[in-house]
Amino acid sequence: MSDARTKAILLIAHGSRRDEANQDLVKLAAMLRERCEFGVVEYAYLELAEPAIPEGAARCVQAGAAEVFMLPYFLSAGVHVQNDLEEFRNQFSQAYPEVRFRLCAHLGLHPLMLEIVLDRLNEPVDESVE
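Being a predicted model, the structure only gives us computed values, none of them experimental.

Colleague: Looking at this model, I keep getting lost on the environment of Arg17. Mind explaining?
Modeller: Among the structural elements, Arg17 can be located in the loop between strand S1 (7-13) and helix H1 (19-35). In sequence terms Arg17 and His110 are 93 residues apart; their C-alpha atoms lie 28 Å from each other.

Pasting the structure below:
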């Protein structure tokens, strides 16, 4: 049971009180569903928004995932990435012993990050915002 249909991606972001900010993760999940081979793509937030991380993990398991890739949508390896997400991974491994939970690296200084930064610098700047 190790084909792509039994694998899930759980995108994890911090979460915001602003719904517009949270929608970025929802849109990214939709884009991944269209483009990748994983059978399940879910999203969850650490705090301030729903669904919470345990709910996202449960959705992956309920969808039949045998392996869940927890992908932190974070730029820095702060306390949340270093400690909180590892703690969640351990909890899920105990709660769902038949499922393998893998904590992926955060976005950080991936080689393509430079290209993203340069691309943003070349976009028009809205000078009406002061």
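Colleague: I tried to follow the packing of aromatic side chains on my own but got confused; where do I start?
Modeller: Pairs of aromatic rings are described using the distance from one ring centre to the other and the angle between the two planes. Scanning the model with the defined rule gives five aromatic pairs in all. A centroid spacing of 5.4 Å and a plane angle of 85° characterise the contact between Phe38 and Phe69, whose relative ring orientation is edge-to-face. Note that Phe38 is positioned in the loop between H1 and strand S2 (40-45) and Phe69 in strand S3 (residues 67-72), a separation of 31 residues in sequence. Owing to a relative accessible area of 28%, Phe38 belongs among the partly exposed residues under this scheme. On the basis of relative accessibility, which here comes to 16%, the residue Phe69 falls in the buried class. Arranged with centres 5.4 Å apart and planes meeting at 45°, the rings of Phe92 and Phe101 form a pair that is tilted. Residue class for Phe92 comes out buried when judged on its relative accessible area of 5%. Here Phe101 falls in the buried class, since its relative accessible area comes to 4%.

Colleague: Hey, could you run me through the pairing of S1 in this one?
Modeller: Put simply, side chains in a regular strand alternate between the two faces of the sheet. Burial analysis of S1 places six of its seven residues in the buried class, which makes it a mostly covered element. Sheet analysis places S1 next to S3, joined by six bridges and oriented parallel. Looking at S3, one finds that Leu10 is bridged to Met70. One ladder, built from six bridges, connects S1 with S2; its direction is parallel. Within the sheet, the bridge partner assigned to Ile12 lies in S2 and is Ala44. Note that the unit made of S1, H1 and S2 has a crossover that is right-handed.

Colleague: Whenever I open this one, the pairing of S2 confuses me. Can you help?
Modeller: By the criterion of burial, S2 is predominantly enclosed, with six of the six residues buried. The alternating pattern of S2 places Val40, Glu42 and Ala44 on one face and Val41, Tyr43 and Tyr45 on the opposite face, and all of these are buried.

Rules behind the numbers
- Residues numbered from 1 in each chain as written.
- Predicted model: local features only at pLDDT ≥ 70, side-chain atom pairs only at ≥ 80, totals over all residues.
- Heavy atoms only, no water.
- Helix = DSSP H or I, 4+ residues; strand = E, 2+ residues; numbered from the N terminus.
- Phe/Tyr/Trp six-rings, centres within 6.5 Å; stacked < 30°, edge-to-face > 60°.
- Buried < 20%, exposed > 50% of the residue type's maximum accessible area, 1.4 Å probe, protein only.
- Pairing = 2+ DSSP bridges.
- Right-handed = clockwise from strand over helix to strand, strands pointing away.

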